[in-house]
Amino acid sequence: LRTGEGIHWCSRRLLSLPKCRGGLGIRDVECANQALLAKQAWRISHSPDSLFSKLFSSKYGFNLDNLDVISGMTLSNCSWGARGIKWGFQLLKDHISWLPGRPTSLRTWDNRWVDGRIPPRSPLSTLSISIYQQGSEVRDFINAQYSWDRTELNRHFYKSWTEKFLAIPLPATTCSDKFYWQLTP
């Protein structure tokens, strides 16, 4: 019983828009899948003593301390499940920030630790280019009382970034560097 009207197609963007905004409210399956895989990756990284974490890290050779899963895995040596969790780890790496521990081993221009970004160096910085290439560490900007060294920060970073550094709390007791989900409100 065709009336000649044909099929009414909708764009993918309209399908995935929430109903309250005029869409059909159908979830983007790819985004939902990556979110669930990132949740598994988060569990693996936050419970390194679990059997699955131990097996996964030993088989695919990555470091849970710094989420270095991407370099340890190649597509030729892993299963579909491992590839999916690797994809979840990539989402984590793109959206986490690091909090310095005591002592800290964060690298100043390698780790995302200030608002989820790597701080830019000031062109007026007195650090030599070789230090930037070797990578200085966050502890270079912490004084003996384990508080931020404002003088060093002002000498190497823009003023707006110095204020962001000073807002980052430093731990009072010994603990390792921690990462957190930067998109948490």
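Residues numbered from 1 in each chain as written. Predicted model: local features only at pLDDT ≥ 70, side-chain atom pairs only at ≥ 80, totals over all residues. Heavy atoms only, no water.

Enquirer: Requested: an account of the packing of aromatic side chains, with residues and values cited.
Expert: Counted by the stated rule, this structure contains 9 aromatic pairs. Each ring, one from Phe157 and one from Phe165, has its centre 4.6 Å from the other, and the planes form 70°; the classification is edge-to-face. Summarising the burial analysis for this pair, Phe157 and Phe165 share the class buried. Measuring from ring centre to ring centre gives 6.5 Å for Trp161 and Phe165, while their planes differ by 50°; the resulting arrangement is tilted. Here Phe165 and Trp161 lie together in helix α8 (residues 159–167), a separation of 4 residues that amounts to about one turn. Grouped by ring-pair contacts, the aromatic residues Trp113, Phe141, Trp148, Phe157, Trp161 and Phe165 constitute a single cluster. For the cation-ring pair, Arg83 lies above Trp80, with the distance from its terminal atom to the ring centre recorded as 4.8 Å. When the ring centre of Trp161 is taken as origin, the NZ or CZ atom of Lys164, which lies over that ring, is 4.5 Å away. (Phe/Tyr/Trp six-rings, centres within 6.5 Å; stacked < 30°, edge-to-face > 60°. Buried < 20%, exposed > 50% of the residue type's maximum accessible area, 1.4 Å probe, protein only. Helix = DSSP H or I, 4+ residues; strand = E, 2+ residues; numbered from the N terminus. Lys NZ or Arg CZ within 6 Å of the ring centre and 35° of its normal.)

Enquirer: Pulling in residues and values, what's your account of the packing of helix α2 (residues 29–46) against helix α5 (residues 80–94)?
Expert: The N-to-C vectors of α2 and α5 enclose an angle of 85°; their axes lie 7 Å apart at closest approach. By the angle between their directions, the pair α2 and α5 is classed as roughly perpendicular. Contacts between α2 and α5 involve Glu30, Asn33, Gln34, Ala35, Leu37, Ala38, Ala41, Trp42, Ile44 and Ser45 on the former and, on the latter, Gly84, Ile85, Trp87, Gly88, Phe89, Leu91 and Leu92. Partitioning the contact of α2 with α5 into residue classes produces 11 nonpolar, 5 polar and 1 charged. (Axes fitted to C-alpha atoms, helices over the stretch in contact; angles between N-to-C directions. Parallel < 35°, antiparallel > 145°, perpendicular 65-115°, else oblique. Contact = heavy atoms within 4.5 Å. Nonpolar A, V, L, I, M, F, W, Y, C, P; charged D, E, K, R; others polar.)

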